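Below are the chains, spelled out letter by letter.
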Amino acid sequence: MRTYQRINHSRKSSISIKMFITEFGEEFPEHVKKRLMDLESRCFLTRKEIYYRFDLKHVEHLQYDSNIEAENSSAASSKEYAYGQLVVLEGNLYFSESCVENNEIMQSPMVSTIYNALDSEGMAFDEGRNLKKLNENNIDYVVDSILSSCPQVSQSYIDIVEGMVSRANNR
């Protein structure tokens, strides 16, 4: 069984779902891997200093209005949603109670709904985050909930990806 530690050396900060499964999913059940791949066309994962903690974002970096309260005023700005945070500890996959939030990113309202609906069995705590274990019994709910809140990709995005694939296949 692998144990993951906090590492500060350089790793890719953004990865695809497929890369995530390749790097961390060795011990995930096949059904969990399959359902995670359903997110591949719409989502990608980002990580900061903790290399086994990933925030799930839309591939097009869509922006949503956000009201930020400054010291004495309210200012409107646009931020990208994080649709969940996945954490891998000792080969197990967990869903975090919260995602990274900063000047560019805010947590989708669906994150709390998903987290609260998950069974408390298999809970963990890591670096200030409460986590609930994902498995074959709850992965369908999690992926379906993320897909219901995460927008489809635009036709222009599909066209760009198809053009890149076509050029790569012609080499």
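Here, the structure is the one placed above.
Rules used in this analysis
- Residues numbered from 1 in each chain as written.
- Predicted model: local features only at pLDDT ≥ 70, side-chain atom pairs only at ≥ 80, totals over all residues.
- Heavy atoms only, no water.
- Helix = DSSP H or I, 4+ residues; strand = E, 2+ residues; numbered from the N terminus.
- Contact = heavy atoms within 4.5 Å.
- Phe/Tyr/Trp six-rings, centres within 6.5 Å; stacked < 30°, edge-to-face > 60°.
- Buried < 20%, exposed > 50% of the residue type's maximum accessible area, 1.4 Å probe, protein only.
- Salt bridge = Lys/Arg side-chain N within 4 Å of Asp/Glu carboxyl O.

### Re the environment of Leu93
Among the secondary structure elements, Leu93 is positioned in strand β6 (residues 92-96). Between the C-alpha atoms of Leu93 and Leu131, which are 38 residues apart in sequence, the distance is 9.3 Å. The residues touching Leu93, leaving out its near neighbours within four places in the chain, are Phe20, Phe28, Val32, Leu36, Leu86, Val87, Val88, Lys132, Lys133 and Leu134.

### Here's the deal with the packing of aromatic side chains
For the structure shown, the criterion picks out eight aromatic pairs. Each ring, one from Phe24 and one from Phe54, has its centre 5.3 Å from the other, and the planes form 75°; the classification is edge-to-face. Pair noted here: Phe24 is in helix α1 (residues 17-24) and Phe54 is in strand β3 (residues 53-58), with a separation of 30 residues, a long-range link. Both residues of the pair, Phe24 and Phe54, belong to the buried class. Considering the side-chain rings of Tyr64 and Tyr81, the 4.4 Å spacing of their centres and the 25° angle between planes classify their relative orientation as stacked.

### Some words on the pattern of salt bridges
Applying the stated criterion to the full structure yields six salt bridges. With a closest N to O distance of 3.3 Å, Lys33 and Glu30 form a salt bridge. Note that Lys33 and Glu30 are positioned in helix α2 (residues 30-37) at a spacing of three residues, about one turn of the helix. For Lys33, a relative accessible area of 17% corresponds to the buried category. Relative accessible area serves as the criterion here: at 58%, Glu30 is assigned to the exposed category.

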